[in-house]
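Structural features, examined
Spelled out, the chains give:
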Amino acid sequence: MVAENSRASLKGLRQALLDRAQILSSARTLYRWAKEHEKPDEDRESGFQDRDRNETVDQLTQIELRYLPDIDRKLFEAALDEYRRLDAKDRDTAFETALDQIGLDRLYADTKLADTATRLGWLGKPATAFEASDDPFIKLAVALYPGDIAAEVAKKDRAGRTQAPRATYMQGLRVYRQAIGQPVYPDANGSLRITWGKVAGRTRDGQIWTPFTTAEGLLAKHTGRGEFDAPDAVVAAIRAKDYGPYVAPALGTLPVDFMSTVDITNGNSGSATLNGRGEFVGLVFDGTLEGVISDWAPDADRNRSIHVDSRFMIWTMDKIDGAGRLLKEMGVRPAPRS
């Protein structure tokens, strides 16, 4: 199973490179959407249900921010070089035949999908419209679809066959660790998902990262644009220093986020953070760039996880959102109105 999974993983990675062609990636999404919508909503694959429409529209729209045909073509050509390193039996004959018939020049010259309105206009069209289309990228998407579905089915099958020996391995590992008087590291495999560490900043190349960020820092980054567009109520409350009882005494102001040395992994986002007394103090949601490799090489001197501070969360519910009823349900007493 390990060898089978490794080979399938390499094959999948090389095939996935084809989506470096952003219009091809969009065409595949659009055709898959059409095929999934031939089924009842509850039977569709995740990502293609009615609830996913807005996210799909955003995904299809964002291409206009970074699509340059000349660069996209070079990336696609590089992806094809890597794809063709696969054994012949692992390549998609239907895709290669369609690509040979179209040619790279026509692929980019004749497509209409580079236009955002045209691209979005395909969302919701029936699969038959795609299958009758002369757009070269849509032709490639239609050619790739059977192989895409076959790969998904095979992946689910491998996952099912892998789960049984994995459970046996974990059971044996727990018995072995118990026999030598050592615990199994808490990585959520047959154990509680618990990790531990301490609140800590760090230094990097002459920079000093303090353990906490504060409301004043949030205001300093506020530009009114993009992800730096704080709500008006938040800006007004920070300028008025209307922090109520949520000030951290050691900081003298409202904390927003804090860093720690806890070891997290993909899937931990949103996990509760408890202090040494078992009290809820925040939610972990991200890590620093240097911590990306922590799944393979954890280093407490370098890796940092990022948590939103519970005081900022409660302040937001209380002072900004007016969610007094929710706070009461949680057993939190809102600050008196000023």
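About the cut-offs
- Residues numbered from 1 in each chain as written.
- Predicted model: local features only at pLDDT ≥ 70, side-chain atom pairs only at ≥ 80, totals over all residues.
- Heavy atoms only, no water.
- Helix = DSSP H or I, 4+ residues; strand = E, 2+ residues; numbered from the N terminus.
- Buried < 20%, exposed > 50% of the residue type's maximum accessible area, 1.4 Å probe, protein only.
- Contact = heavy atoms within 4.5 Å.
- Polar contact = N/O pair within 3.5 Å; in protein donor to acceptor, adjacent residues only side chain to side chain.
- Arc of directions from axis to C-beta.
- pLDDT = per-residue confidence, 0-100.

1. Considerations on the environment of Tyr 108
Here Tyr 108 is to be found in helix α6 (residues 104-109). Given a relative accessible area of 13%, Tyr 108 falls into the buried group. Note: C-alpha distance between Tyr 108 and Lys 241 (133 residues apart in sequence) is 55 Å. When near neighbours in sequence (up to four residues on either side) are disregarded, Tyr 108 contacts Ala 21, Tyr 67, Pro 69, Asp 72, Arg 73, Phe 76 and Phe 137. A polar side-chain atom of Tyr 108 sits 2.7 Å from a polar atom in the side chain of Asp 72.

2. Let's talk about helix α11 (residues 232-239)
Each α-helix winds once per 3.6 residues, and so residues spaced three or four apart point in a common direction. Turning to α11, its buried residues number three or more, namely Val 234, Val 235, Ala 237 and Ile 238. Taken around the axis of α11, the buried residues stretch over an arc of 165°, which confines them to a single face. α11 presents Asp 232 and Arg 239 as exposed residues on the side facing more than 90 degrees away from its buried surface. Elements that come into contact with the buried residues of α11 comprise α10 (215-221) and α12 (310-320). Immediately downstream of α11, the backbone of Lys 241 shows phi near 50°, a positive value.

3. Here's the deal with the confidence of the model for the protein
With 96% of its residues at a pLDDT of at least 70, the protein reaches an overall mean of 90. Looking at the elements of the protein, mean pLDDT is at its lowest for helix α1 (residues 2-16), recorded as 82, and at its highest for helix α8 (residues 127-131), recorded as 97.

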